[in-house]
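As a plain string of letters, each chain reads:
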Amino acid sequence: MKVLFVYTNINGFHEDCYSIGLASIVAMTRQSGHEAKMVTVVTKEEYQKVLEAVNEFEPKIVGFSSVSSQFHFVKEIAALIKERYSDVITVCGGVHPTINQTCILETKSLDGIFIGESELSFAQFLEKIEQEEPYKDTDNFAWADNGKLVINKCKPLVSDLDKLPYPDKDIHSFKETLEKTGVAPFFFSRGCPYLCTYCSNHALAKVYGFHSNPTRYRSPESSVREIEEVMEKFSISSITIGDDIFGINKKWRTEFLQKYKDRIKIKFNCLLRVNVVDDEFIRLLKEAGCYRISFGVESGNDYIRNKVMKRQMKREQIVNAFALVRKYGLETTSLNIIGVPGETEEMIKDTIKLNREIRPTYSGINIFYPYKGTELGDYCFEQNLVNRELYDSFSSERRDTVLNYPVEQREMLVHYRENWEKLVYPFDLKRTFLNSARKTVAWKYLRSLKRLALNRKH
């Protein structure tokens, strides 16, 4: 059976077009004995490319994966497909339908959505269609029944990730991402136990009836073997490990880093939280080949960071973590967010002051985007803080705001984002010059980080 996968990245925040979540579904499809093809859409003009693929490939199913800011493009493409090829089954997975299940009620052009971790469910879905059984009985599946939302039970989360195939790197755009960013992306864990209000992890946990989303891992051996397999196919000079928090499990990270040191010998970067690092951890990372660590600072204002965002992170911990990493000679990236409800310009300046104090190698900035299903996102919608008309067509995720701020406040946020580097490093002319020269590479790297979005989710 033929399955066409479509990945939209129109005016997307991430320059790369490799979705770990979708790549995992593609891999499961191929492992189940089905034929798969992939189309990536980066402009609306490329909608025609999808229709041509449907015409030539003649798939039984077209599957999308979507984050919130891409879903209106998915709806438009699905409508074009249904208009011409009404017998094709259209479905969508990803973080947006997972934490905002009512999105299926917004369109008649999608036959259903997949909720949560769906490799096993998608394989079940394909089998039902092949056997001409009712596919809407599939686990993790939801659909609209005369305007009412119907949600099936979810399969339990996969406890042993080694049982799943590696994410596909043949028909999906792994090679293109490597060429664009210069960095090979890998994810070895799923989940994050923290409850940050703007992030999808706590919302994903609720789907399964959990309070938090505990981290699960591929085994260290399976993780290293995946890298080795990729090294046999591609020339790789740098690796990014995109786990939400790298190696929060001490036993796993110790074993993984030793194997990585012995067998891989390629520089890598990773994401960490300031409250989980210590001298031994950073030393092991350095010895294994880590050259850069990224931390989510998010805000330099204690109230915004710990009350609004619920980061539960002391200022002292942030300062100490950056000092510790600097002691070992590693680069650092500080990831920040501005524009959350209740934040003033003085609070934004607090974030700039903290970044000046911790002296990161790179400082990145995002403008807050309200994801439906998250605590802070739902608050924004409930309090009518979101410009609904703008939200329904918005694709400038994290580069502009969809909140109902006065024009002056919106312009202020865009100004801070566009001038962030100059504001954080106002007197370091050498740094400013070097960072400007590196800007393309640095921002490509930053855009490959922390898919809070989490387009890697299923």
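Values in this document were obtained by computation on a predicted structure and should not be read as measured data.

Visitor: Hey, could you run me through the overall build of the protein chain in this one?
Guide: Assigned secondary structure in the protein chain consists of 19 helices and 15 strands. Compactness check: the protein chain gives a C-alpha radius of gyration of 22 Å against a globular reference of 23 Å for 458 residues, within 12% of the reference. A principal-axis box enclosing the C-alpha atoms of the protein chain has dimensions of 65 × 55 × 40 Å. For the protein chain, contacts bridging at least 24 residues in sequence account for 74% of all contacts bridging at least 6. Looking at the protein chain as shown, the accessible area adds up to about 18900 Å², and 48% of this sits on carbon and sulfur atoms. Mean positive and mean negative side-chain charge positions of the protein chain (66 and 62 charges, respectively) differ by 5 Å.

Visitor: Is there a simple way to think about a nonpolar patch on the surface in this case?
Guide: A cluster of nonpolar residues, Leu 105, Leu 149 and Ile 151, forms a patch on the protein surface that exposes about 220 Å² of accessible area. Mapped onto the secondary structure, Leu 149 falls in strand 7 (residues 148–151). Look at Leu 149 and you get partly exposed, because its relative accessible area is 30%.

Visitor: I keep staring at the nonpolar core and nothing clicks. Help me out?
Guide: Nonpolar side chains tend to gather and get buried jointly when the protein is soluble and globular. Core analysis: the largest hydrophobic core is formed by 51 residues, its most contacted members being Ile 239, Phe 246, Phe 256, Leu 272, Leu 285 and Ile 293. Among all residues touching Leu 272, those that are not within four sequence positions of it are Ile 245, Phe 246, Val 277, Phe 281, Leu 285, Ile 293, Ser 294, Phe 295 and Gly 296. Listed in part, the 33 residues of the second largest apolar core include Leu 376, Phe 394, Tyr 405 and Tyr 416.

Visitor: Help me understand the pairing of strand 4 (residues 89–93) in this model?
Guide: Within a regular strand, the side chains alternate between the two sheet faces. The element strand 4 is largely enclosed, with a buried count of five among its five residues. Burial of the side chains of strand 4 extends over both faces: Ile 89, Val 91 and Gly 93 are buried on one face and Thr 90 and Cys 92 on the other. Of the pairings in the sheet, the one linking strand 3 (residues 61–65) to strand 4 comprises five bridges and is parallel in character. Its bridge partner being in strand 4, Ile 61 is matched across the sheet by Ile 89. You can see the chain leave strand 3, run along helix 3 (residues 71–84) and come back into strand 4, and the turn it takes is right-handed. In this sheet, strand 5 (residues 112–114) lies alongside strand 4 in parallel orientation, the contact comprising two bridges. Residue pairing in the sheet places Cys 92 in a bridge with Ile 113 of strand 5.

Visitor: Before we go on, may I ask you to explain helix 12 (residues 315–327) in this structure?
Guide: The periodicity of an α-helix, 3.6 residues per turn, causes residues three or four positions apart to be oriented the same way. Between its first and last C-alpha, helix 12 extends 19 Å over 13 residues, near the 18 Å set by a 1.5 Å rise per residue. Residues of helix 12 that are buried sit in contact with helix 10 (279–288), strand 13 (290–298), helix 11 (302–308), strand 14 (331–338) and helix 13 (345–358). A positive phi of about 75 degrees marks Gly 329, the residue just after helix 12.

Visitor: Help me understand the sheet that holds strand 1 (residues 2–8), please; the structure alone is not making it clear to me.
Guide: Backbone-to-backbone hydrogen bonds join strands into a sheet, with any given pair of strands oriented parallel or antiparallel. Spatial ordering of the open sheet is given by 2-1-3-4-5-6-7, a layout of seven strands whose pairing is mixed. Lying at the two open borders of the sheet, with one neighbouring strand each, are strand 2 (35–41) and strand 7. Shown here is a sheet whose adjacent strand axes are inclined to one another by a mean of 25 degrees, direction ignored. Sitting on the sheet, helix 5 (residues 119–130) touches strand 1, strand 3, strand 4, strand 5 and strand 6 (141–145), and the angle it makes with strand 4 is about 175 degrees.

Visitor: Please clarify how the packing of aromatic side chains should be interpreted in this entry.
Guide: The geometry of two aromatic rings is summed up by the distance between their centres and the angle between their planes. Evaluated as defined, the whole model comprises 27 aromatic pairs. Ring centres of Phe 114 and Phe 125 lie 5.2 Å apart, and the angle between their planes is 85 degrees; on these two criteria the pair is classed as edge-to-face. With Phe 114 in strand 5 and Phe 125 in helix 5, this residue pair connects regions lying 11 residues apart in the sequence. The burial state of Phe 114 is the same as that of Phe 125; both residues are buried. Between the aromatic rings of Phe 246 and Phe 268, the centroid separation amounts to 6.4 Å while the plane-to-plane angle is 50 degrees, which identifies the pairing as tilted. Placement of Phe 246 in the loop between strand 11 (239–241) and helix 9 (250–263) and of Phe 268 in strand 12 (residues 268–272) is noted, with a sequence separation of 22 residues between them.

Visitor: What is the right way to read a negative patch on the surface from this model?
Guide: A contiguous patch of negative charge, built from Glu 127, Glu 130, Glu 133 and Asp 137, is present on the exposed surface. With respect to the element layout, Glu 130 can be found in helix 5.

Visitor: When you look at the side chain of Asn 366 in this model, what are you seeing that I'm missing?
Guide: Take Asn 366: it is sitting in strand 15 (residues 362–367). If we ignore the near neighbours within four places in the chain, the residues touching Asn 366 are Phe 13, Asn 336, Ile 337, Ile 338 and Arg 398.

Visitor: I'm lost on the packing of helix 1 (residues 20–31) against helix 5 in this one. Help?
Guide: Relative placement of two packed helices is described by the angle separating their axes and the distance separating the axes. Where helix 1 meets helix 5, the closest approach of the two axes is 9 Å, and the angle between their N-to-C directions is 45 degrees. In this view, helix 1 runs oblique relative to helix 5, as classed from their interaxial angle. Taken as a pair, helix 1 and helix 5 cross one another with a handedness that is right-handed. Contacts between helix 1 and helix 5 involve Ser 24, Ile 25, Met 28 and Thr 29 from the former and Glu 119, Leu 120, Phe 122, Ala 123 and Leu 126 from the latter. For the contact of helix 1 with helix 5, a count of residues per class yields six nonpolar, two polar and one charged.

Visitor: Mind showing me how you'd approach the pattern of salt bridges here?
Guide: In total, this model carries 27 salt bridges according to the counting rule given. Ionic pairing is found between Lys 153 and Asp 139, a salt bridge with its closest N-O pair at 3.1 Å. Of this pair, Lys 153 sits in the loop between strand 7 and helix 6 (174–181) while Asp 139 sits in the loop between helix 5 and strand 6, and the two are 14 residues apart along the sequence. Residues Glu 375 and Lys 310 are paired through a salt bridge, measuring 2.9 Å at the closest nitrogen-oxygen approach. Taken together, the positions of Glu 375 in helix 14 (residues 375–382) and Lys 310 in the loop between helix 11 and helix 12 put the pair 65 residues apart, joining distant regions of the chain. Taking relative accessible area as the criterion, Lys 310 reaches 34% and is therefore assigned partly exposed.

Visitor: Is there a simple way to explain unusual backbone geometry in this structure?
Guide: Comment: phi is negative for the bulk of residues other than glycine, and the bulk of peptide bonds are trans. The phi torsion at Gln 312 lies on the positive side, around 50 degrees, for a residue other than glycine. Relative to the helices and strands, Gln 312 is located in the loop between helix 11 and helix 12. Classification of Gln 312 as exposed rests on a relative accessible area of 55%.

Basis of the calculations
- Residues numbered from 1 in each chain as written.
- Predicted model: local features only at pLDDT ≥ 70, side-chain atom pairs only at ≥ 80, totals over all residues.
- Heavy atoms only, no water.
- Helix = DSSP H or I, 4+ residues; strand = E, 2+ residues; numbered from the N terminus.
- Rg over C-alpha atoms; globule rule 2.2 N^0.38 Å.
- Contact = heavy atoms within 4.5 Å.
- Areas by Shrake-Rupley, 256 points an atom, 1.4 Å probe, with all protein chains shown as cover.
- Lys, Arg positive; Asp, Glu negative; His and termini not counted.
- Charge placed at Lys NZ, Arg CZ, Asp CG, Glu CD.
- Patch = residues over 30% accessible without salt bridge, like charges linked within 9 Å, V, L, I, M, F, W, Y side chains within 5 Å.
- Salt bridge = Lys/Arg side-chain N within 4 Å of Asp/Glu carboxyl O.
- Buried < 20%, exposed > 50% of the residue type's maximum accessible area, 1.4 Å probe, protein only.
- Core = buried A, V, L, I, M, F, W, Y, C linked by side-chain atoms within 4.5 Å.
- Pairing = 2+ DSSP bridges.
- Right-handed = clockwise from strand over helix to strand, strands pointing away.
- Expected span 1.5 Å × (residues − 1).
- Axes fitted to C-alpha atoms, helices over the stretch in contact; angles between N-to-C directions.
- Phe/Tyr/Trp six-rings, centres within 6.5 Å; stacked < 30°, edge-to-face > 60°.
- Parallel < 35°, antiparallel > 145°, perpendicular 65-115°, else oblique.
- Left-handed = near helix turned anticlockwise from the far one by under 90°.
- Nonpolar A, V, L, I, M, F, W, Y, C, P; charged D, E, K, R; others polar.

Everything listed here is a matter of geometry and, on its own, says nothing about what the molecule does.
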